[in-house]
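# Architecture and fold: a report
Residue-level listing of the chains:
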Amino acid sequence: MASVVADNFLGSETPMAPFSTGPRRRIRWGRGLIMLLAGAYFLIPIYAALHFSLQDNNGNFSLAPIRAIPSQPGLGAAFWLSARLAIVTTVLTMALMVPTVIYVHLKLPRLKRAMEVITILPIVIPPIVLILGVLHASPLWLKSSPYMLSLVYVILAMPFVYRSLDAGLNALDLKTLVEASRSLGAGWLSTLWRVLVPNLRSAILSATVLTVALVLGEFTMASLDLWETMPVWIVNFSQTNAHVSTAVAMLSLIATWLLLTLIVSLDRSQSRRSRRRSRLT
Amino acid sequence: MMLETHQTTPSPLAPPSSGAPVVLDGLVRHFGSTKALDGFSLDIAPGEFVALLGPSGCGKTTALRVLAGFEHVDAGRVIVDGAEVSSVAAQRRDMGMVFQSYSLFPNMSARDNVAFGLQLRHQRASQRRARAGELLELVGLSVHAGKYPHQLSGGQQQRVALARALAIEPRVLLLDEPLSALDAKVRAELRDQIRSLQQRLAITTVFVTHDQEEALSMADRVCVMSHGRAEQVATPSALYAQPSTAFVAEFVGVSSRVQVTRARDGVELFGRTVRIRGDVASIPGGALDALLRPEDVEVRNAPDGPGFVTHISFLGATTRLEIGIGGATVKADVRSSDADAFELGTRVVVSVSARDVLVTERRPGR
């Protein structure tokens, strides 16, 4: 009986093979083509910039533009300004958005739709309108400070930060966690710090990644407000030495990518540590 | 309205304990135009286990949340251990709560979850660890102390949640349908565990459920709720045997509703006069119904009998027969060993003793 079943099984399987794998193969090819096109779309400009940054004025391969980077005037200051703005913006954004989004989810869920609309506005409003509005509304002492840019960046980061936190909160049974914490004696701050923030770690890190990337790459606002951040310095310096400027842009890209990888790997290593700890105990 | 009125039975189990007495006095709570609590009152003795039982929307969870401090009341008072706590924040009420949905903190191990409340009370790490270990031992989960919630089954998570609620030595333990998400076998095990722990610790406990079997098997007293009010508060046996309203009679256990007519000394049921307790004249309205428990109905084979079997369900030790008689359907339980005598269409005679007949106004629309 067993051999009959086996024969039938083999007999039916063999002729079916070309028909069953054909569509799958087509799907795999289609997927590969899309990946190739998307990869080319992103990688060709990067390759072109890298190629250009490794050339001298005669178009020959040279490391001179890279070697010249440390001695360029104003680069250090621009880098330091961008770094400070990234830190201040991230801290401000998280301090403002984390409690706000939690509050809306917990106490005013009817406002979630309104929040989605409000947080999308910075993408819809043209940067020139935003910066002119902020400049007009700001007091003089703030106008003269580069940190005014951080306030603008907080607004610009809102669409990304809100969506990250919203997704994180939707994955939690927020009401029950808060009530469980409160019934055990925790106040609001304690609940936020000990229960909610640790459980939103991935969402907060992802929001941080997006905020940092936004600040390090933002050109329009800084340029309109006349502050020389890294992107502004790169554009300004490209008029003096395009090869060095492009080399700095490439290094900036790599540095940003490394920073973001570091932030993401922090989250992963934390999760791995938790898993290992639970396995050991 | 029923002939028998049995509003409140004192608790038979009110041991001297560390549990706090609780008084819910005339609680009123509106949600928009809906009245979730409509003058709800309940006295709970120290160390007593009271179940709030009722259908969805009857206000039982709202009552528990008011007691926990998660909902405010529009009127009424919550008194715990002699002190009014109506305006005290939830975190200051010292009440442990186990929720319907799994409420363990996902970022903490079972041990850390149990120790969370102790940490908030500034206990030393070594004390917290020891206490958490004791409580996990108590719920039989010490081997899983280092596991995270996602590594535990639903039943294990609820046991950790119970240990966490008990860790803070609460004045009152609140259980909000903690078994409803579990499968039947785990539910039965956890039910026994909760009850034995509660008796051991003599902690005042309020348990919300819509499952009458849970309420009747676990609680010292059961409060049946309907439309934001307590319909009846009584021991499980009193509630079952002497329901004070038609709602309680129909909600607790299984009942058949049969039309009856007024007679001189009782009511006319299945063609003969049955005497009932109390005065039939005191029941308002013209038409009356009798409510019969299946186990109180006796069935005999009779070729000329007025009834006939319309449905047979095997329930294990007993078999439930549905009998069509005089336009009504009456449920009757017989021993499964005797059930062979009945088939679909078998003609039968139905009888019920007078003490088992509950008479009420006829339900509108019948």
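Residues numbered from 1 in each chain as written. Chains lettered and ligands numbered in written order. Predicted model: local features only at pLDDT ≥ 70, side-chain atom pairs only at ≥ 80, totals over all residues. Heavy atoms only, no water.

### A closer look at a nonpolar patch on the surface
Residue and element names in this part refer to chain A. Definition in use: To count toward a patch, a residue needs a relative accessible area over 30% and no salt bridge; like charges are then connected within 9 Å, while nonpolar side chains (Val, Leu, Ile, Met, Phe, Trp, Tyr) are connected within 5 Å. Calculation of accessible area relied on Shrake-Rupley with a 1.4 Å probe; when residues are assessed, cover is drawn exclusively from the protein chains displayed. A pairing counts as a salt bridge when a side-chain nitrogen of Lys or Arg comes within 4 Å of a carboxyl oxygen of Asp or Glu. Secondary structure elements are taken from DSSP: a helix is a run of H or I of four residues or more, a strand is a run of E of two residues or more, and numbering for both begins at the N terminus. Note on exposure labels: buried denotes an accessible area under 20% of the residue type's maximum, exposed denotes more than 50%, and partly exposed covers the range between, all computed with a 1.4 Å probe on protein chains only.
Among the surface-exposed residues, Ile118, Ile120, Leu121, Ile123, Val124, Ile125, Ile128, Val129, Leu132, Phe160, Leu210 and Leu224 lie close enough to one another that they form a single nonpolar patch of about 970 Å² accessible area. Counting only elements with at least two residues in the nonpolar patch, the list comes to α4 (112-124) and α5 (127-137). Ranked by residues supplied to the nonpolar patch, first place goes to α4 with 5 residues. Looking at where phenylalanine 160 falls in the secondary structure, it is placed in helix α7 (residues 148-170). Judged by relative accessible area, phenylalanine 160 falls into the partly exposed class, the value being 33%.

### Examining the packing of aromatic side chains
As a reminder, the rule being used: In this scheme Phe, Tyr and Trp rings, the latter by its six-membered ring, pair at centre separations within 6.5 Å, and the angle between planes marks the pair as stacked below 30 degrees, edge-to-face above 60, and tilted otherwise. Here, over-ring charges are defined by two tests on the NZ atom of lysine or the CZ atom of arginine: distance to the ring centre within 6 Å, and angle to the ring normal within 35 degrees.
All chains considered together, the criterion is met by 6 aromatic pairs over all chains. Ring plane angle 10 degrees and centroid distance 4.7 Å describe the contact between tryptophan 233 of chain A and phenylalanine 237 of chain A, whose orientation is recorded as stacked. With tryptophan 233 of chain A and phenylalanine 237 of chain A both in helix α12 (residues 230-238) and 4 residues apart, this pair spans about one turn of that helix. With a relative accessible area of 11%, phenylalanine 237 of chain A lands in the buried category. Above the plane of the ring of phenylalanine 105 of chain B lies arginine 164 of chain B, whose end atom (NZ or CZ) is 4.6 Å from the centre.

### What to know about the interface of chain B and chain A
Note the following rule: Residues count as neighbours in contact if any of their non-hydrogen atoms are within 4.5 Å of one another. Accessible surface is computed with a 1.4 Å probe, and the buried area is the amount of it that two parts give up when combined, taken over both parts together. Counting of polar contacts relies on pairs of N or O atoms within 3.5 Å, with two restrictions inside protein: one atom must be capable of donating a hydrogen and the other of accepting it, and residues adjacent in sequence are counted only when both atoms are side-chain atoms.
Facing the 26 residues of chain B at the interface are 22 residues of chain A. Roughly 2200 Å² is buried in total at the junction of chain B and chain A, and carbon and sulfur atoms are behind 55% of that figure. Run the count over chain B and chain A and you get 1 salt bridge. A salt bridge links arginine 65 of chain B to glutamate 179 of chain A; its shortest N-O distance comes to 2.5 Å. There are 6 residue pairs in polar contact (both at pLDDT 80 or more) connecting chain B and chain A. Those elements giving two or more residues to the side of chain B that touches chain A turn out to be β6 (95-98), α2 (110-120) and α4 (154-167) of chain B. It is α2 of chain B that contributes the most residues to the side of chain B that touches chain A, 5 residues altogether.

### Comments concerning the nonpolar core
It is characteristic of soluble globular proteins that their nonpolar side chains tend to be buried jointly. Note the threshold: By nonpolar core we mean a set of buried residues, namely Ala, Val, Leu, Ile, Met, Phe, Trp, Tyr and Cys, connected to one another through side-chain atoms within 4.5 Å.
In this structure, Phe40, Leu42, Leu52, Leu67, Val80 and Leu174 of chain B are the most contacted members of the largest nonpolar core, which totals 64 residues. The element that contributes the greatest number of residues to this core is helix α3 (residues 75-107) of chain A, accounting for 7 residues. If we skip the residues at most four places from it in the chain, leucine 52 of chain B touches Phe40, Leu42, Lys60, Ala63, Val206, Phe207, Val208, Thr209, Cys223 and Met225 of chain B. Grouped together as the second largest cluster of nonpolar side chains are 43 residues, Leu162, Ala163, Leu179 and Ala234 of chain B included.

Purely spatial values, then, with no claim about function.
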